[in-house]
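Descriptive analysis of the structure
Spelled out, the chains give:
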Amino acid sequence: GEDYISIPMTLTVAEDRKSLDIQVSGNRLTLEPGQWSGWVPISFPFNPLVELNGIGRFHLLELEPEVRLYLSPIQFDPTHLPPIVDITTPGDFVDELTDRFGLFKTIGWSIDTWSIDEGTIDEEVFLEDTWFTVDKYEEMLLGLLEDDDWDVLVHYFEFTDRVQHVFYRHFDPRHPLYTEEGGEQWGDTILKSYQRMDAVVGEVMERLPEGALLLVVSDHGFSSFRRGMNYNTWLALNGYMKLTGEEADRKNLKDLFDQGDFFTNVDWSRTRAYALGLGQIYINLKGREAKSIVEPGEEYEQLAQEIKEGLEAYVDPVTGEHPVAHVWTRDEAYGVYDPELIPDLIPSNSDGYRVGWQDSLGGIAKEVVEDNTRIWSGDHCSVYPPLVEGILFANRELDVDEAYMGDVMPTLLELYGLEPPTDLDGRSLWPGSRQARETEAEKGTTEGLPEGAPAG
């Protein structure tokens, strides 16, 4: 087994049962039900000389009928980082941030969706932590915005994504977990998260340096995740994947599903295709897979086309809808790619559907399509891209019909007169601004540039 570092924590309920005393890592604090602590330093000693320093926030959920205490995911303490850990580049930038803004979350996924998905905390506690997180990030953004030493300032807010992942069940009346009570209480939470984001954008616009260009970009939108499409189950039922112990007449096929994760019950010597990750389908191709049986060339092309057509034609027997909106070949999805790594087919799901939970881990569920009864009720992964388009806002006129994520980098490079370091898929949203910049720089003016473009 693995070795874990255990540290003592003592909880003492007050005699009047109205508060809880917490002692951990030399800290002592008292909380009443519904109360949050500030950041509490928590130390994990490896040995007498080496220890890791974390920070966490406690929230006392209740004392009756039993003690329920929530501890947020433990973060690295940004003021006491191990020598080998950098959370900023350059490494000492974190010192400037903590000097100016105090302690802040340091793990990559800063909002805790795991606890609410597992039922450890409820909506109210989740949102209290969310707004706490957003407030700190906004404070940092507005503070850095006032500095005069930046050329490009990029700030990432994740909370609109996290809120939608777990609150879609209250927003979508067709979701299996929707209730009228939940809809009344929490149905406007997604709207509130966007209003909070709008408020941040408004504050930024008020504080922007004169002439600065502002772009607000998102990499995707959202859709309800009502039902999961289990691609491996479909492949097995249609003869593309064979399971060990399967009889010729298939009487026991469903009994063979759900035998564990990571393809524990797959007969690779007779399997022509499998799904892994977010629904991506791989052909068991000779020369690439360990126990491969499909020949490159005509056999490969024919099989891929057959699977594509079969999936797109499949109808959910419960809803009568097509769970699969479109199956992309990798040639459609990618320009240049490594054929050893990139999946052969990339299915994308219709509105209300996503790849099933088991599929993402190489598991094989009993049903091709099943209700999603997880609190994680909204998603964008594996969804048909036109259904979950992102947004692009700018404080200067955009003279383009369509914009793509890949256009952001070439736009910035063009505005700053920089050559791309490699071939880029996108193009500048203000074509010609580089040449205009160079021409006007020679004249010593900035006429002809898109308003807000840097001029020196």
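Since this is a predicted model, take the numbers as computed values, not measurements.

Over the atoms rolls a probe the size of a water molecule, and its path tells where empty space is left. Enumeration over the complete set of coordinates arrives at two cavities of 30 Å³ or more. In terms of lining, the largest cavity is formed by Trp 39, Phe 104, Lys 105, Phe 132, Thr 133, Lys 136 and Tyr 137. When the residues that make up the lining of the largest cavity are grouped by side-chain class, the tally is four nonpolar, one polar and two charged. Within this model, the second largest cavity holds a volume of roughly 40 Å³.

As a further point, take the packing of aromatic side chains. All chains considered together, the criterion is met by 15 aromatic pairs. Aromatic side chains Trp 268 and Tyr 274 sit 5.2 Å apart centroid to centroid with 90 degrees between the ring planes, which places their arrangement in the edge-to-face category. Above the face of the Trp 357 ring, Arg 354 is positioned so that its terminal group lies 4.3 Å from the ring centre. Above the face of the Trp 357 ring, Arg 374 is positioned so that its terminal group lies 4.0 Å from the ring centre.

Here the focus is the sheet that holds strand E1 (residues 9-13). As summarised here, the arrangement of the three strands in space is E1-E2-E3, forming an open sheet in which the pairing is antiparallel. Taken across any chain shown, the strands that pair with only one partner, and hence form the sheet edges, are E1 and strand E3 (27-31). With direction set aside, neighbouring strand axes in the sheet form an average angle of 15 degrees. Pairing analysis gives five bridges linking strand E2 (residues 20-24) to E3, with the strands arranged antiparallel. The residue of E3 that forms the bridge with Val 24 is Asn 27.

With that settled, the discussion passes to the confidence of the model for the chain. On average, the chain scores 91 in pLDDT, and the residues at 70 or more come to 91%. Contacts from residues 248-252, a stretch scored under 50 in pLDDT, to residues over four places away or in other chains number six contacts. In the predicted structure, residues 452-456 sits below a pLDDT of 50 and forms 13 contacts with residues beyond four places in sequence or in another chain.

Looking now at the environment of Val 67. Tracing the sequence through the fold places Val 67 in the loop between strand E6 (58-62) and strand E7 (68-71). By relative accessible area, which is 34% here, Val 67 ends up partly exposed. Sequence separation of Val 67 and Val 13 is 54 residues, and the distance between their C-alpha atoms is 8.3 Å. Those residues within four positions of Val 67 in sequence are excluded, and the remaining contacts are Val 13, Leu 20 and Glu 62.

Before going further, it helps to examine the sheet that holds strand E5 (residues 51-56). Strand order in the open sheet formed by three strands is E4-E5-E8, and the pairing between neighbours is antiparallel. Each edge of the sheet is formed by a strand with only one pairing partner; in this case those strands are strand E4 (40-45) and strand E8 (75-76).

As a further point, take helix H6 (residues 189-207). Over its 19 residues, H6 extends 27 Å from the first C-alpha to the last, a length consistent with the 27 Å expected when each residue adds 1.5 Å. The complete set of buried residues in H6 reads Thr 189, Ile 190, Ser 193, Arg 196, Met 197, Val 200, Val 201 and Val 204. Along the long axis of H6, the arc covered by the buried residues comes to 140 degrees, so they all point the same way. Exposed and facing more than 90 degrees away from the buried side of H6 are Asp 198 and Glu 206. Buried residues along H6 sit in contact with helix H3 (123-145), helix H4 (159-171), helix H5 (180-186) and strand E9 (215-217).

Conventions adopted
- Residues numbered from 1 in each chain as written.
- Predicted model: local features only at pLDDT ≥ 70, side-chain atom pairs only at ≥ 80, totals over all residues.
- Heavy atoms only, no water.
- 1 Å grid on protein atoms, 1.4 Å probe; cavity = no way out; pocket = protein on both sides within 12 Å on 5 of 7 lines; lining within 4 Å.
- Points joined across faces, edges and corners; volume = space filled by probe spheres on them.
- Nonpolar A, V, L, I, M, F, W, Y, C, P; charged D, E, K, R; others polar.
- Phe/Tyr/Trp six-rings, centres within 6.5 Å; stacked < 30°, edge-to-face > 60°.
- Lys NZ or Arg CZ within 6 Å of the ring centre and 35° of its normal.
- Pairing = 2+ DSSP bridges.
- Helix = DSSP H or I, 4+ residues; strand = E, 2+ residues; numbered from the N terminus.
- Axes fitted to C-alpha atoms, helices over the stretch in contact; angles between N-to-C directions.
- pLDDT = per-residue confidence, 0-100.
- Contact = heavy atoms within 4.5 Å.
- Buried < 20%, exposed > 50% of the residue type's maximum accessible area, 1.4 Å probe, protein only.
- Expected span 1.5 Å × (residues − 1).
- Arc of directions from axis to C-beta.

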